[in-house]
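Residue-level structural notes
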Amino acid sequence: MTSKQFNFKFVAALFAYCALVHCDSSFPNTIPRCKYADVKCLQSIMNKVIRTSPEGVPEIGLGSIDPLYIGKTVMEQGAPTSPVNVRIRMKNATMSGIRNFDVNKVIGFERNPNTSRFEIHGFVNKVTVLGNYQMSGKALVVPVNGHGAANITFIDTAVKMKFLTHTERRKDEDYVVLDQVVYNSISKRMSMNFENLFNDRLISENMNNFFNENQDILYKELGPALDKVFGNIIKKKMEPIFQKFAYREFFSD
């Protein structure tokens, strides 16, 4: 065999190998990839990224997840006749504790993104949201208003996230587009501290004590609004990843 024949066969073999393992993928080799629908492998990789890279993974488009910068957000809940009818605006808000989120179930992620389900379930023992708030409305029939520093902490929270998607065809590749993240959570306990309610320290302390003594009722009322806010936050955090890579690039087969 001549050197030219050897080189030709080597290049042909290399080309065939690359066709099988996607050598043309720009997905970083620092993150292992799983086979389609290998939910146990995906669960393991997700937990590894969360644990080892809370500051984010820029090469895949993932920014910091702990602390997670929320920025500005608005939460509104309750009809005029509801026991909780409040509007809370937060700015310069951050969320911490996500590095301890444990993915305990993954559903879907099959070969065909048009028919596959995409769900992630998990549990986190403590998540804290800090920021500046502005609140108006009523809580348990008590009028509330104020602005200042806020601390909202969730203890022992079970989470289910369902990703609603469609695909876009770009350069003969399928890219997944996030339409909505349906976020459902159940927390064992929620504690709150809003400074400067009614611009009075003593009233503020008493009101926060009242909130926390009735946290189970408040959480039940505020839960849907909180889930909507968190779903939007997760969607915003995940979108750059799906925009950066074709769907097949996330997988090894």
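In this report, we go over the structure that sits alongside the text. Computed from a prediction, not measured in an experiment: that's the story for all the values here. (Residues numbered from 1 in each chain as written. Predicted model: local features only at pLDDT ≥ 70, side-chain atom pairs only at ≥ 80, totals over all residues. Heavy atoms only, no water.)

**Remarks on the side chain of Lys235**
- Among the secondary structure elements, Lys235 is positioned in helix H4 (residues 215-244).
- Residue classification places Lys235 among the buried positions, given a relative accessible area of 19%.
- A polar atom in the side chain of Lys235 sits 2.5 Å from the side chain of Glu239.
- Those residues within four positions of Lys235 in sequence are excluded, and the remaining contacts are Leu178, Asp179, Gln180 and Val181. (Helix = DSSP H or I, 4+ residues; strand = E, 2+ residues; numbered from the N terminus. Buried < 20%, exposed > 50% of the residue type's maximum accessible area, 1.4 Å probe, protein only. Polar contact = N/O pair within 3.5 Å; in protein donor to acceptor, adjacent residues only side chain to side chain. Contact = heavy atoms within 4.5 Å.)

**Notes on the packing of helix H3 (residues 201-213) against H4**
- The contact between H3 and H4 brings their axes to 5 Å, and the two run at 75 degrees. Here H4 runs roughly perpendicular to H3, going by the angle between their axes. On H4, the residues touching Phe211, Asn212 and Glu213 of H3 are Gln215, Asp216 and Leu218.
- Within the contact of H3 with H4, the residues separate by chemical class into two nonpolar, two polar and two charged. (Axes fitted to C-alpha atoms, helices over the stretch in contact; angles between N-to-C directions. Parallel < 35°, antiparallel > 145°, perpendicular 65-115°, else oblique. Nonpolar A, V, L, I, M, F, W, Y, C, P; charged D, E, K, R; others polar.)

**Focus on the environment of Ala93**
- Mapped onto the fold, Ala93 is located in strand S2 (residues 84-96).
- Taking the C-alpha atoms as reference points, Ala93 and Asn132, separated by 39 residues in sequence, lie 6.7 Å from one another.
- Each residue touching Ala93, except ones within four places of it in the same chain, is listed here: Leu68, Tyr69, Ile70, Gly71, Leu130 and Gly131.

**Some details on the packing of aromatic side chains**
- Within the structure shown, the criterion is met by 14 aromatic pairs.
- Aromatic side chains Phe27 and Phe250 sit 5.7 Å apart centroid to centroid with 70 degrees between the ring planes, which places their arrangement in the edge-to-face category. Pair noted here: Phe27 is in the loop between helix H1 (3-21) and helix H2 (39-52) and Phe250 is in the segment after H4, with a separation of 223 residues, a long-range link.
- By relative accessible area, which is 11% here, Phe27 ends up buried.
- Between the aromatic rings of Phe118 and Tyr247, the centroid separation amounts to 6.0 Å while the plane-to-plane angle is 85 degrees, which identifies the pairing as edge-to-face. One end of the pair, Phe118, is in strand S4 (residues 118-139); the other, Tyr247, is in the segment after H4, and 129 residues separate them in sequence.
- Members of the aromatic cluster, joined through ring pairs, are Tyr36, Phe109, Phe118, Tyr247 and Phe251.
- Sitting above the plane of the Tyr175 ring, Arg170 keeps its charged end 4.0 Å from the centroid. (Phe/Tyr/Trp six-rings, centres within 6.5 Å; stacked < 30°, edge-to-face > 60°. Lys NZ or Arg CZ within 6 Å of the ring centre and 35° of its normal.)

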